[in-house]
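Observations on chain architecture
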Amino acid sequence: MHGEDVRTWQKQMKKRGWSLGVDGAYGADSRDVCRRFQRNQGIPDDGIVGPTTWRLSWEAPLP
């Protein structure tokens, strides 16, 4: 999967301190960051940036 929505999420995660390239392509690195972030937030770590993960990417307190 790739596109501007992926790029937007990658930029946000990088801004939050995660080591992630911002290329608009949802590959293995993006999935890994997503799963680690989900575990950190206490939600199921399915590696999918669904509505809850997307919201928390902006709203969750920084560690």
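Before reading further, recall that the structure is shown in the block above.
Residues numbered from 1 in each chain as written. Predicted model: local features only at pLDDT ≥ 70, side-chain atom pairs only at ≥ 80, totals over all residues. Heavy atoms only, no water.

A few words now on the packing of helix H2 (residues 28-41) against helix H3 (residues 51-59). Interaxial distance between H2 and H3 falls to 11 Å at its minimum, and their mutual angle equals 75 degrees. Between H2 and H3, the crossing angle belongs to the class labelled roughly perpendicular. On H3, the residues touching Cys34, Phe37, Gln38 and Gln41 of H2 are Thr53, Leu56 and Ser57. By residue class, the composition of the contact of H2 with H3 is three nonpolar, four polar and no charged. (Axes fitted to C-alpha atoms, helices over the stretch in contact; angles between N-to-C directions. Helix = DSSP H or I, 4+ residues; strand = E, 2+ residues; numbered from the N terminus. Parallel < 35°, antiparallel > 145°, perpendicular 65-115°, else oblique. Contact = heavy atoms within 4.5 Å. Nonpolar A, V, L, I, M, F, W, Y, C, P; charged D, E, K, R; others polar.)

Right, let's talk about H3 for a bit. All buried positions along H3 are accounted for by Thr53, Leu56 and Ser57. An end-on view of H3 places all buried positions within 110 degrees of arc, on one side of the element. Along H3, the residues that are exposed and aim more than 90 degrees away from the buried face are Pro51 and Glu59. Those residues of H3 that are buried lie in contact with helix H1 (4-15) and H2. (Buried < 20%, exposed > 50% of the residue type's maximum accessible area, 1.4 Å probe, protein only. Arc of directions from axis to C-beta.)

Core analysis: the biggest nonpolar cluster contains 12 residues, these being Val6, Trp9, Met13, Trp18, Leu20, Tyr26, Val33, Cys34, Phe37, Ile43, Leu56 and Ala60. Once residues within four sequence positions are removed from consideration, Met13 is found in contact with Trp18, Leu20, Val33, Phe37 and Ser57. (Core = buried A, V, L, I, M, F, W, Y, C linked by side-chain atoms within 4.5 Å.)

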